[in-house]
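Structural overview
Single-letter residue listing:
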Amino acid sequence: MARKPWTAIVAGVAGLLLLSACGGGGGTGDSGALTLGFAQVGAESGWRTANTKSIQESAKAAGIELKFSDAQQKQENQIAAIRSYIQQKVKVIAFSPVVESGWDTVLKEAKTANIPVILTDRAVDSQDKSLYKTFLGSDFVAEGRKAGEWLAKEFGSAAGDVSIVELQGTTGSAPANDRKKGFADVIASNPKFKVVASQTGEFTRAKGKEVMEAFLKSQPKIDVLYAHNDDMALGAIEAIQAAGKVPGKDIKIVSVDGVRDALQALADGKINHVVECNPLLGPQLMDLVKKVAAGEQVPPRIETTETEFDQAAAKAALPERQY
């Protein structure tokens, strides 16, 4: 019997440690506030940084107490964060899953605790759609398809084979899987389009540069680089220039995201086409958080509005670009 107070003290301290480790949002600590636990992928790119800023600023503007965690691109960190949010009894949990698979167990724990879950930016491959309320994000297959359509148009009259190298995103992630599929579906109709090398650049600039260096050494002919995100494309540009080639001319480049640095590279002629993936999901997410917390029905799939950029469009967009 004497152990009970000590157990309570230890549990209380552990709870405080969890709160400090996984907190970091603009909450007031008011138990009456609408509390959102958000488990972010990481800070691997300019896109992700803009996404995090949008979520944090939008939560503050909406009067929502945000508990925020950075998973550093590790699924186990996200699962731990989600479990801490369940223990803290937040009103809503939202997260951008690092990879598509392996979420059913922790999502069932949230469902058992009657905490609604919203997926943002990336989907999961669970067969049980009752484990989350909605998915807010882009159509990654469509993004890959747009990149492929640009390529088909750009090289439609080219004589001979067109050698393509591909910088994939994080292995197993929804954007990597889907952007690869959408692109492959389009170019499959023309046998002259050949992907001669395809490897993950992990969505980072440093890894994009490293992998492109390897491609340049192993491939005698590269006509096109397709990068699953801008940061990898920007890293690849460094590698292309270091190899004595001219990005945008010797090797045409198409990438996905639409961050400021990539639009500047497009305006400068170093990138040839950018397919937008909008990171500013914060306002839409907070609207959904309020609705699901109130028990309202929301659509199971909500897409973001996006466009594409050529050089002229990039120059026009740059002065007002927020990220």
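Everything quoted here is computed from the prediction, not taken from an experiment. (Residues numbered from 1 in each chain as written. Predicted model: local features only at pLDDT ≥ 70, side-chain atom pairs only at ≥ 80, totals over all residues. Heavy atoms only, no water.)

The next subject is the pairing of strand β3 (residues 92–95). Here β3 shows two buried faces, one formed by V92 and A94 and the other by I93 and F95. By the bridge criterion, four bridges tie strand β1 (residues 35–40) to β3 in an arrangement that is parallel. Pairing of G37 across the sheet is with I93, part of β3. The pairing of β3 with strand β4 (residues 117–120) spans three bridges and is classified as parallel. (Buried < 20%, exposed > 50% of the residue type's maximum accessible area, 1.4 Å probe, protein only. Helix = DSSP H or I, 4+ residues; strand = E, 2+ residues; numbered from the N terminus. Pairing = 2+ DSSP bridges.)

Here we take up the packing of aromatic side chains. Here the structure, examined in full by the defined rule, presents three aromatic pairs. Ring geometry for F95 and W103: centres 4.9 Å apart, planes at 55 degrees, overall tilted. Overall, the relative accessible area of 0% leaves F95 in the buried class. (Phe/Tyr/Trp six-rings, centres within 6.5 Å; stacked < 30°, edge-to-face > 60°.)

Strand order in this open sheet of six strands is β2-β1-β3-β4-β5-β11, and the pairing throughout is parallel. Across the chains shown, the open sheet's two edge strands, defined by having one partner strand only, are β2 (65–70) and β11 (301–303). Ignoring which end each strand starts from, the neighbouring axes of this sheet average 20 degrees apart. Sheet strands touched by helix α3 (residues 75–87): β1, β2 and β3. Its angle to β1, the strand with the most contacts, is close to 170 degrees. (Axes fitted to C-alpha atoms, helices over the stretch in contact; angles between N-to-C directions. Contact = heavy atoms within 4.5 Å.)

Our focus in this paragraph is the sheet that holds strand β7 (residues 193–200). Pairing is mixed across the open sheet formed by six strands, whose spatial order is β7-β6-β8-β9-β10-β12. The strands lining the two open edges of the sheet, one partner per strand, are β7 and β12 (308–309). Where strand β10 (residues 273–276) meets β12, two bridges bridge the pair, whose relative direction is antiparallel. For V274, the partnering residue across the bridge sits in β12 and is F309. Sitting on the sheet, helix α5 (residues 140–154) is in contact with β6 (162–168), β7, β8 (224–227), β9 (252–257), β10 and β12, with an inclination near 160 degrees to β9. Together, β6, β8, β9 and β10 form the strand contacts of helix α8 (residues 230–242), whose direction differs from that of β9 by roughly 155 degrees.

Attention now moves to the side chain of S54. Along the chain, the position of S54 falls in helix α2 (residues 46–62). Classification of S54 by relative accessible area gives buried; the value is 8%. Apart from the residues within four sequence positions on either side, S54 is in contact with P279, L280, L281, G282 and P283.

With the rule as written, the count across this model stands at one cavity of 30 Å³ or more. Size it by volume and the largest cavity reaches roughly 90 Å³. Lining the largest cavity are 13 residues, and of these W47, R48, R122, R179 and D257 sit closest to its centre. For the lining of the largest cavity, the elements supplying multiple residues, two or more each, are α2 and α6 (174–187). (1 Å grid on protein atoms, 1.4 Å probe; cavity = no way out; pocket = protein on both sides within 12 Å on 5 of 7 lines; lining within 4 Å. Points joined across faces, edges and corners; volume = space filled by probe spheres on them.)

In this section: the packing of α5 against α6. Closest axis-to-axis distance for the α5/α6 pair is 6 Å, and the angle between their directions is 40 degrees. In this structure, the crossing between α5 and α6 has a hand that is right-handed. For the pair α5 and α6, contact is made by F140, V141, E143, G144, R145, A147, G148, E149 and L151 and by A174, P175, D178, R179, G182, F183, V186 and I187, respectively. (Left-handed = near helix turned anticlockwise from the far one by under 90°.)

Here Q72, not a glycine, exhibits a phi torsion of approximately 55 degrees, which is positive. Relative to the helices and strands, Q72 is located in the loop between β2 and α3. A residue is classified by how much of its surface remains accessible, and Q72, at 56% relative accessible area, is exposed. Positioned with a positive phi, D121 is a non-glycine residue whose angle comes to about 70 degrees. Tracing the sequence through the fold places D121 in the loop between β4 and β5 (134–137). D121 sits in the buried class, given a relative accessible area of 3%.

Quick look at the nonpolar core now. Counting residues in each nonpolar core, the largest one holds 52 residues, and the members touching the most others are L151, I164, M212 and I271. Among the elements that take part in this core, α8 stands out by supplying seven residues, more than any other. If near-sequence neighbours (up to four positions away) are discounted, I164 is found in contact with L151, F183, I187, F193, K194, V195, V196, A197, V224 and Y226. Ranked by size, the runner-up nonpolar core spans 20 residues in total, among them I115, L119, L131 and Y132. (Core = buried A, V, L, I, M, F, W, Y, C linked by side-chain atoms within 4.5 Å.)

The subject of this paragraph is the side chain of K192. Mapped onto the fold, K192 is located in the loop between α6 and β7. In this structure, K192 is buried with no salt-bridge partner, the nearest side chain bearing the opposite charge being D161 at 8.4 Å. A distance of 2.8 Å separates a polar side-chain atom of K192 from the backbone oxygen of A158. Each residue touching K192, except ones within four places of it in the same chain, is listed here: F155, G156, S157, A158, G160, D161 and V162. (Lys, Arg positive; Asp, Glu negative; His and termini not counted. Salt bridge = Lys/Arg side-chain N within 4 Å of Asp/Glu carboxyl O. Polar contact = N/O pair within 3.5 Å; in protein donor to acceptor, adjacent residues only side chain to side chain.)

Our next topic: the confidence of the model for the protein. Mean pLDDT over the protein works out to 91, with 90% of the residues at or above the 70 mark. Within the model, pLDDT remains below 50 along residues 1–30, and this stretch shows 25 contacts once partners closer than five positions in the same chain are excluded. (pLDDT = per-residue confidence, 0-100.)

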